[in-house]
Amino acid sequence: MNNLKRSLFSFFLIVVVNGIVVAQLHDWRGAERTGVYNETGLLKQWAESGPELLWFSEGLGMGYSSATVTDDAIYITGRKDTIDVITALNLEGEKLWETPFGKSWFRSYTDARSTPTYYSGKIFLVSGSGEIVCVNKKGKILWSDNHYERFEGVFPRFGVSESPLIVDDKVVVSPGGDVASLVAYDLKSGKLIWKAEPVNEATHYVNPVLVKHGGRELIVTLTENHIIGVDAEKGQLLWKVNYAGMNENTGKRMRKNHANTPIYRNGQIFVCSGYNHTSVMLKLNEDASQTEVVWNNKDIDPHHGGVVLLGDHLFSSNYENNANGDWVCVDWNSGETQWIEEWHNKGSIISADNMLYFYEEKAGNIGLVKPSAEKLDVISEFKVDKGTGPHWSHPVIRDGKMYIRHGEVLMVYKVKIDSGLASAE
């Protein structure tokens, strides 16, 4: 009887563990969309030529999106002719399948830009022309809806650049316009669950973030002129902040092209945008139904490369013009600028194992940086030599490997310390 109980208990554990694996979320910029990857044992310095290139895969279609890496596959979007496609690779870079999923954006900067969101064995993504699609692990489309057409969405200037947000049993996207600011679909069926009150303006290029505060889940994102907070359960618009109003009368040319995911910690939300916008720190009240401004800072205005929060410091790049920018460190609590320093050019930023990774957008330089509030401390760097077009994709790190996408090419570098060397140390 004891053996039988042990056998049943072991079986139960296997089912539970397998269930947890199946339900894993693999998302834009890692856990909670923060740009911080939960990795350890990574190299603290690279060889002069850079980390070892393990493999690369070509012919994925042109794109600015990042790879989504799971336990057993890699998913990445690309544009082929006028169609957005999703490609699945195994962890050695061999192609498993390719599925067309929607029309590409057709005006300027037409390459694919939606990073796939993987959850519970399904992949969710949005085409450049506004179609949300659910695909299974074999590449079969399970359901889809053109939410921009259905809800009369207003396209921003450069098309749709959104990775769907998973909230419990819902997947959320942002059509904008005069019908709905956000909409939520049932993960399994694709049935509409709710639509949020419109703000009566276009959506933008921001991947929304889920915030848990005061016993409530809310979705925070940016529209053309506002920062908004929407209740994740019912779709109620809780508050909106006039972001455009904070940026009037600056004397600088400004464009409303918001592309950076907000950062949340301990009741505070950091929002920033390029094109000379001020950044802002917001503080939520006890039940997240209202918010107030804590501080502003005009030095940290990343174009579209994101922000990383390590300890009490924000690290990012800034915007001088479309082609140029420096790197910046700002204190989370006070909003004071710690330093602004030049390194090649502006770009995207992530973090893993308490180090920063810069991916400069113009020439493809990648830097390994020691985080410091005193100075920019670049430890190692190398240059990407494959692919074409601007280097706008954000790096991804998983299981000691760094994934860099450039145009039609995905490159995978080894950034983990060899186990033998780690043991010797």
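Residues numbered from 1 in each chain as written. Predicted model: local features only at pLDDT ≥ 70, side-chain atom pairs only at ≥ 80, totals over all residues. Heavy atoms only, no water.

Visitor: Which residues make up the overall build of the chain, and what values go with them?
Guide: When its secondary structure is counted, the chain shows 4 helices and 36 strands. In terms of overall dimensions, the chain is globule-like: its C-alpha atoms have a radius of gyration of 21 Å, near the 22 Å expected for 425 residues. Taken along the three principal axes of its C-alpha coordinates, the chain extends 70 × 50 × 50 Å. The buried share among the 425 residues of the chain stands at 57%. As displayed, the chain offers around 18000 Å² of accessible surface, 47% of which is attributable to carbon and sulfur atoms. Separation between the mean location of the 43 positive side-chain charges and that of the 53 negative ones in the chain comes to 5 Å. (Helix = DSSP H or I, 4+ residues; strand = E, 2+ residues; numbered from the N terminus. Rg over C-alpha atoms; globule rule 2.2 N^0.38 Å. Buried < 20%, exposed > 50% of the residue type's maximum accessible area, 1.4 Å probe, protein only. Areas by Shrake-Rupley, 256 points an atom, 1.4 Å probe, with all protein chains shown as cover. Lys, Arg positive; Asp, Glu negative; His and termini not counted. Charge placed at Lys NZ, Arg CZ, Asp CG, Glu CD.)

Visitor: Let's hear about the environment of K195: which residues, and what values?
Guide: In this fold, K195 is placed in strand β16 (residues 192-195). Measuring from C-alpha to C-alpha, the distance between K195 and F151 comes to 9.2 Å, with 44 residues separating the pair along the chain. Not counting residues within four places of it along the chain, the set of residues in contact with K195 comprises F151, V179, A180, L182, V183 and G235. (Contact = heavy atoms within 4.5 Å.)

Visitor: How would you sum up the sheet that holds strand β34 (residues 396-398)? Please name residues and give values.
Guide: Spatial ordering of the open sheet is given by β3-β36-β35-β34, a layout of 4 strands whose pairing is antiparallel. In this open sheet, the two strands that pair with only one neighbour each are β3 (52-57) and β34. Across the sheet, the mean angle separating the axes of adjacent strands is 25° when strand polarity is ignored. (Pairing = 2+ DSSP bridges. Axes fitted to C-alpha atoms, helices over the stretch in contact; angles between N-to-C directions.)

Visitor: Tell me about unusual backbone geometry, and name the residues and values.
Guide: Leaving glycine aside, a negative phi is the common case for residues, and trans is the common case for peptide bonds. One non-glycine residue with positive phi stands out, namely N354, at about 60°. The residue N354 is located in the loop between β30 (347-352) and β31 (355-360) in this model. Judged by relative accessible area, N354 falls into the exposed class, the value being 54%. Of note in this structure, D399 is not a glycine but carries a positive phi near 50°. Summarising the element assignment, D399 is placed in the loop between β34 and β35 (401-406).

Visitor: So what's going on with empty space enclosed by the protein? Which residues, and what values?
Guide: This structure, assessed with the given rule, holds 2 cavities of 30 Å³ or more. In terms of lining residues, the largest cavity is bounded by 13 residues, among which H304, G305, G347, S348 and E361 are the most central. Looking at side-chain class alone, the lining of the largest cavity contains 3 nonpolar, 8 polar and 2 charged residues. Taken together, D27, W28, R29, Y37, S66, A67, T115, H394, P395 and V396 form the lining of the second largest cavity. Its residues assigned to classes, the lining of the second largest cavity comprises 5 nonpolar, 3 polar and 2 charged. (1 Å grid on protein atoms, 1.4 Å probe; cavity = no way out; pocket = protein on both sides within 12 Å on 5 of 7 lines; lining within 4 Å. Points joined across faces, edges and corners; volume = space filled by probe spheres on them. Nonpolar A, V, L, I, M, F, W, Y, C, P; charged D, E, K, R; others polar.)

Visitor: Could you give me a rundown of the nonpolar core, with the residues and numbers involved?
Guide: Core analysis: the largest hydrophobic core is formed by 30 residues, its most contacted members being Y357, M402 and L410. Broken down by secondary-structure element, the contributors of at least two residues to this core are β5 (74-80), β30, β31, β32 (365-370), β34, β35 and β36 (409-414). Ranked by residue count, the leading element in this core is β36, at 5 residues. The contact partners of M402, leaving out residues within four places of it in the chain, are W46, P51, Y357, I366, F382, V396, I397, M411, V412, Y413 and V415. With 17 residues, the next largest nonpolar core counts W239, V241, Y243 and V280 among its residues. (Core = buried A, V, L, I, M, F, W, Y, C linked by side-chain atoms within 4.5 Å.)

Visitor: Help me get a handle on the pairing of strand β19 (residues 216-222), residues and values and all.
Guide: Most of β19 is tucked away, with 5 of its 7 residues classed as buried. Hairpin remark: strand β18 (residues 209-213) followed by β19, antiparallel, with 2 residues in the connecting loop; positive phi at G214, about 60°. For β19 and strand β20 (residues 226-231), the ladder comprises 5 bridges, and the chain directions are antiparallel. Its bridge partner being in β20, T221 is matched across the sheet by I228.

Visitor: Break down the side chain of D326 for me, citing the residues and quoting the values.
Guide: Relative to the helices and strands, D326 resides in the loop between β27 (313-317) and β28 (327-331). Buried within the structure, D326 lacks any salt-bridge partner; K346 is the closest side chain of opposite charge, at an N-O distance of 11 Å. (Salt bridge = Lys/Arg side-chain N within 4 Å of Asp/Glu carboxyl O.)

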